[in-house]
Amino acid sequence: GDGDGDGDDDGGEAGVDGGGDAATGVKKEMATGAATAGGATEGWTLSEACRTLAFWLLASSNALAWGAGAGLFFHLASITSELDLPAEKLAVYIYLPWASARALSLVVSGRLLDRVQPRLVLSAGAAAAAVAYAMLGAPHANLHPLAAVAFAIIFGIGMGTCAAVFRVAPAHCFGRAHLGAIAGALQTTNVAATAIGPLLLGAIHDATASYALATRAMAVSMLLFSVLALALRVPRRRHAHARGKRGLRAAASPSSRALAHCDGAAVDAIALAEACTQKQGDAAEAAVPDVTVAAREDR
């Protein structure tokens, strides 16, 4: 009787230990699934990031914003002279309000990025830049002092807002583990675009004898991108998430498997609870023979 009791005790303890191990395993599966599903939690490598839509949206927006901005500032004196604003007035009516608006928008955008998704802030910045370019390319455009200040403020807001997003979005989308490599690759598009933008703007001016077509093209491009920027989201590692789901289905009951189409986190929580409950039930059943043997010995 003692031998049987000890054996049952060992079996019960093994069952409890097994239950604990199973629960721990399910918890690890949950942690792995949560990390890989979010992407930014554990960090993406550069090669992994390059296979996502988010990376190419950031790269293209970076190139477009800085390429167009560099082209504009490289030819700014010629553009404003064409629009009846003398070059000697650029400092007062363009540079000063532009720099002030850009600095303020960096602060405001940084606060917004703590509260809303980067895609919304990026879309707003691209839309502001589109409005500024449209002011230069509008038919019969004229940069009198008030219009020049308005253009500079709107353009400063657009550039400052986009710059704030470009500082935050890579870490938000891909984590910090390999942020240096990812940010370096994105910065490469920035540098390349600042070299190409002025060249394209000058070529269009030489072909059309005006900057109107170039500024209109930049306005349309930024407007289109303000819409495309809304697709910027934290990417998901679908293959890793699927492996985590398969492991959970093996440990969960049929009722959990029926809920596999629900949110991954909810299914993981159900699986953990059911696995723990099942193992605790097995341990309790294993302890019943010990109670029965003890009662017989008392009689």
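For the structure itself, look to the data block above.
Residue numbering note: each chain is counted from 1, following its sequence as written. Reporting of local features is limited, given that this is a predicted model, to residues whose pLDDT is at least 70; pairs of side-chain atoms are given and counted only at 80 or more, and all residues count toward the totals for whole chains, interfaces and linings. As a rule here, side-chain values come from all non-hydrogen atoms in the structure, and water together with hydrogens is ignored.

*Asks:* Could you give an account of the packing of helix 3 (residues 53–74) against helix 9 (residues 212–228), with specific residues and numbers?
*Replies:* Contact geometry for helix 3 and helix 9: axes closest at 11 Å, N-to-C directions at 155°. The angle between helix 3 and helix 9 falls in the class roughly antiparallel. Here the hand of the crossing between helix 3 and helix 9 comes out left-handed. Each of Leu57, Ser60, Ser61, Leu64 and Ala68 in helix 3 lies in contact with helix 9, whose residues at this interface are Met218, Ser221, Met222, Phe225 and Leu228. Axis lines are fitted to C-alpha atoms, over the contacting stretch for helices. Their N-to-C directions set the angle, which ranges from 0 to 180 degrees. For the purposes of this entry, the term helix denotes a DSSP run of H or I that reaches at least four residues, the term strand denotes a run of E that reaches at least two, and both are numbered from the N terminus. Angle categories are assigned with fixed cut-offs, so that under 35 degrees is roughly parallel, over 145 is roughly antiparallel, 65 to 115 is roughly perpendicular, and the rest are oblique. Crossing handedness follows the turn of the near helix against the far one: under a right angle anticlockwise gives a left-handed crossing, and clockwise gives a right-handed one. Throughout, a residue-residue contact means that at least one pair of heavy atoms, one from each residue, lies within 4.5 Å.

*Asks:* For the environment of Ser60, give the residues involved together with the corresponding values.
*Replies:* Within the secondary structure layout, Ser60 lies in helix 3. Spatially, the C-alpha atoms of Ser60 and Asn190 are 9.1 Å apart, while their sequence positions differ by 130 residues.

*Asks:* Would you mind going over the packing of aromatic side chains in detail, with residue names and values included?
*Replies:* Pairing of aromatic rings covers Phe, Tyr and the six-membered ring of Trp, with a centre-to-centre limit of 6.5 Å; geometry is then stacked below 30 degrees between planes, edge-to-face above 60, and tilted otherwise. Applying the stated criterion across every chain yields a total of eight aromatic pairs. Taking 4.9 Å as the distance between ring centres and 65° as the angle between the ring planes, the aromatic pair formed by Phe73 and Trp98 counts as edge-to-face. Linking Phe73 in helix 3 with Trp98 in helix 5 (residues 90–113), this pair joins segments that are 25 residues apart in sequence. Whether a residue is buried, partly exposed or exposed follows from its accessible area with a 1.4 Å probe, protein chains only, as a fraction of its type maximum: under 20%, in between, or over 50%, in that order. Trp98 gets classed as buried once you look at its relative accessible area, which sits at 17%. Taken together, the aromatic side chains of Phe73, Tyr95, Trp98, Tyr133, Phe151 and Phe155 make up a single cluster linked through ring pairs.

*Asks:* Can you lay out empty space enclosed by the protein for me, pointing to particular residues and giving the numbers?
*Replies:* Over the atoms, a rolling probe the size of a water molecule traces out where space has been left empty. Using a grid of 1 Å spacing that covers the protein atoms alone, one calls a set of points a cavity when a 1.4 Å probe fits there but cannot get out, and a pocket when the set is open and has protein on both sides within 12 Å along at least five of seven lines; lining residues are those with an atom within 4 Å of a point. Grid points are joined across faces, edges and corners, and a volume is the space filled by probe spheres set on the points. Tallying each qualifying case throughout the model produces three cavities of 30 Å³ or more. Of all the elements in the fold, those that place two or more residues in the lining of the largest cavity are helix 3, helix 6 (118–137) and helix 7 (145–174). Any residue outside Ala, Val, Leu, Ile, Met, Phe, Trp, Tyr, Cys, Pro, Asp, Glu, Lys and Arg is labelled polar, Gly included; the first ten of those are nonpolar and the last four are charged. Across the lining of the largest cavity, the residue classes break down as 10 nonpolar, two polar and no charged.

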